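Summary of structural features
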Amino acid sequence: MPLATRETYAAMLDAAATGGYALPAVNVTSSDTLIAVIRGLADAGADGIVQATVGGASYLGGDAAGAAAGARVLAAMAPDLAAPYPVCIALHTDHCPPEHVDDFLEPLVAESERRVAGGDEPLFASHMFDGSTLALEDNLARSRDLLERLAAIGVVLELEVGVVGGEEDGIGAADTPSDRLYTTPADLGRVAETLGTGEHGRYILAATFGNVHGHYAPGTVQLRPEILGEGQAVAAAVRPQARFDYVFHGSSGSTRAELEAAIAHGVVKVNLDTDAQYAYTRAVADHMFREYDGVLHVDGSIGRKSAYDPRAWGRRAREAMAARVAQAAEELGAAGRSIGA
Ligand SMILES: [Zn+2]
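Overview of the structure.

Right, let's get into the overall build of the chain. Per the secondary structure count, the chain includes 13 helices and eight strands. On C-alpha atoms alone, the chain measures out to a radius of gyration of 20 Å, which is about the 20 Å that the 2.2 N^0.38 rule sets for 341 residues. For the C-alpha atoms alone, the extent of the chain along its principal axes is close to 75 × 50 × 40 Å. Taken over 341 residues, the chain has a buried fraction of 54%. Pairs at least 24 apart in sequence give 73% of the contacts found in the chain among residues at least 6 apart. For the chain, the accessible surface area stands at approximately 14300 Å², while carbon and sulfur atoms represent 53% of it. Of the side-chain charges in the chain, 26 are positive and 46 negative, and the distance between the mean point of each set is 6 Å.

Evaluation of the coordinates by the stated rule reveals two aromatic pairs. Ring geometry for Phe-209 versus Phe-248: centroids 4.9 Å apart, planes at 65 degrees, classification edge-to-face. Of the two residues, Phe-209 is situated in the loop between strand 6 (203-207) and helix 8 (226-238) and Phe-248 in strand 7 (residues 245-248); the sequence distance between them amounts to 39 residues. Taking relative accessible area as the criterion, Phe-248 reaches 0% and is therefore assigned buried. With centroids separated by 5.7 Å and ring planes inclined at 45 degrees, the aromatic side chains of Phe-244 and Tyr-246 adopt a geometry described as tilted. The buried category is assigned to Tyr-246, whose relative accessible area is 1%. Above the plane of the ring of Tyr-182 lies Arg-224, whose end atom (NZ or CZ) is 4.5 Å from the centre.

The next subject is the packing of helix 10 (residues 274-290) against helix 13 (residues 310-331). It is the contact of helix 10 with helix 13, at a shortest axis distance of 8 Å, that shows an interaxial angle of 145 degrees. Every pair of crossing elements has a handedness; the one defined by helix 10 and helix 13 is right-handed. Judged by residue contacts, Asp-275, Ala-276, Ala-279, Tyr-280, Ala-283, Val-284, His-287 and Met-288 of helix 10 engage Ala-312, Trp-313, Arg-316, Ala-317, Arg-318, Ala-320, Met-321 and Arg-324 from helix 13. Looking at side-chain class alone, the contact of helix 10 with helix 13 contains 11 nonpolar, one polar and four charged residues.

It is worth spelling out the environment of Ser-132 at this point. Structurally, Ser-132 is set in the loop between strand 4 (126-129) and helix 6 (136-152). Residue classification places Ser-132 among the buried positions, given a relative accessible area of 7%. Along the chain, Ser-132 and Val-116 lie 16 residues apart, while their C-alpha atoms are 29 Å from each other. Leave out the neighbours within four places in its chain, and Ser-132 touches Asn-139, Glu-160, Gly-162, Val-163 and Arg-180. Of the polar contacts made by the side chain of Ser-132, one reaches the side chain of Glu-160; its length is 3.4 Å.

Another aspect to go through is the pattern of salt bridges. All chains considered together, the criterion is met by 19 salt bridges. A salt bridge links Arg-149 to Glu-106; the shortest N-O distance between them is 2.8 Å. With a gap of 43 residues between them, Arg-149 in helix 6 and Glu-106 in helix 5 (residues 101-117) connect regions that are remote in the sequence. The exposure class assigned to Glu-106 is partly exposed, which follows from its relative accessible area of 31%. A salt bridge links Arg-311 to Asp-309; its shortest N-O distance comes to 2.8 Å. One network of salt bridges, with partners in common, ties together Asp-14, Arg-202 and Asp-245.

It is worth spelling out the coordination of the zinc ion at this point. Within the first shell, the zinc ion binds the protein through His-95 (NE2), His-213 (NE2) and His-249 (ND1), at distances of 2.0 to 2.1 Å. Spacing between the donor residues of the zinc ion along their common chain follows H-x117-H-x35-H. Of this pair, His-213 sits in the loop between strand 6 and helix 8 while His-249 sits in the loop between strand 7 and helix 9 (256-264), and the two are 36 residues apart along the sequence. Among the residues examined, His-213 registers a relative accessible area of 7% and is labelled buried. For His-249, a relative accessible area of 1% puts it in the buried group.

With a phi close to 70 degrees, Asp-63 is a non-glycine residue in the positive phi region. Residue placement: Asp-63 occurs in the loop between helix 3 (54-60) and helix 4 (67-82). Phi at Asp-299 is positive, roughly 50 degrees, even though this residue is not glycine. By the element assignment, Asp-299 lies in the loop between helix 11 (292-295) and helix 12 (305-308). By relative accessible area, which is 79% here, Asp-299 ends up exposed.

Strand order in this closed barrel of eight strands is 1-2-3-4-5-6-7-8, and the pairing throughout is parallel. Going across the sheet, the axis of each strand differs from the next one's by a mean of 25 degrees, ignoring polarity.

Relative to the assigned elements, Asp-130 resides in the loop between strand 4 and helix 6. Here Asp-130 falls in the buried class, since its relative accessible area comes to 6%. Excluding anything up to four places from it in sequence, Asp-130 contacts His-95, Cys-96, Pro-97, Pro-98 and Glu-160.

Cut-offs and rules
- Residues numbered from 1 in each chain as written.
- Predicted model: local features only at pLDDT ≥ 70, side-chain atom pairs only at ≥ 80, totals over all residues.
- Heavy atoms only, no water.
- Helix = DSSP H or I, 4+ residues; strand = E, 2+ residues; numbered from the N terminus.
- Rg over C-alpha atoms; globule rule 2.2 N^0.38 Å.
- Buried < 20%, exposed > 50% of the residue type's maximum accessible area, 1.4 Å probe, protein only.
- Contact = heavy atoms within 4.5 Å.
- Areas by Shrake-Rupley, 256 points an atom, 1.4 Å probe, with all protein chains shown as cover.
- Lys, Arg positive; Asp, Glu negative; His and termini not counted.
- Charge placed at Lys NZ, Arg CZ, Asp CG, Glu CD.
- Phe/Tyr/Trp six-rings, centres within 6.5 Å; stacked < 30°, edge-to-face > 60°.
- Lys NZ or Arg CZ within 6 Å of the ring centre and 35° of its normal.
- Axes fitted to C-alpha atoms, helices over the stretch in contact; angles between N-to-C directions.
- Left-handed = near helix turned anticlockwise from the far one by under 90°.
- Nonpolar A, V, L, I, M, F, W, Y, C, P; charged D, E, K, R; others polar.
- Polar contact = N/O pair within 3.5 Å; in protein donor to acceptor, adjacent residues only side chain to side chain.
- Salt bridge = Lys/Arg side-chain N within 4 Å of Asp/Glu carboxyl O.
- Donors = N, O, S within 2.8 Å, 3.2 Å for Na, K, Ca; no water.
- Pairing = 2+ DSSP bridges.

Structure, rendered in structure tokens:
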């Protein structure tokens, strides 16, 4: 399938919201991990989102050219890689802190504006601005400006209020005060008042409910997904029928029941990074341990080309990550629900 257009992306989010499931949104850092995500979604018959952080995009592009260039590389290769598969894939940029707006979001949005003016689709279907380190009103003011600009070209904004604990892409601190891990109904009311509830453009909201980035043993994180449900009442109080489209960051290590509760309260996008990284690397480690004397020159031997050819372990890594992505699609209720088929 072609990559999701703006229209398709809106339909994907709507289908998840009304169908009671969430779209897996998986971080990629290379063509190999991108292929793994596309295949995993296709194997599950699920639509989904491919995303890159600032650091992930920089790595993907070889670092020398910078993060925005890396994101353009992702957007350039994704259409051909997704084309053979019968599911809808949308592109998204993940966490962009305020200090990277100028060198990451700005050039990407400007390029999308040029493309849309010329009758093409934007580079990305959605972008996250992560102003969670700012005071709430500063975060919302900057988010509102971006929402206006993105809405004009049909691109969706993702924003975060509250703080997702843990660390991702070098951002975040383990010492976040625990009360900041929970968004309050008052905060959610300010989001609805400042950004509207869709009439000023569509946005996806990362409201925090005790979620943390990274992998934690089940039970160590106190999730309170009912906070998201309280937020839906707040949105409806601002405008009848309005509801938030939520995104769940830091899903790794969550139980199926926790995921289902979050989805029941309006989560339409669930980010998956840590568990997918682990699946990929686990398969590489397995290959290296099993094929130790093939991948290395041991005691004067010359190893085996068939073992150290990067495709030998790369294929296993891709397959393992694809399987983890398919598992996520299953857990999120997205499997077999592609609107593209
Ligand atoms: Zn995140």
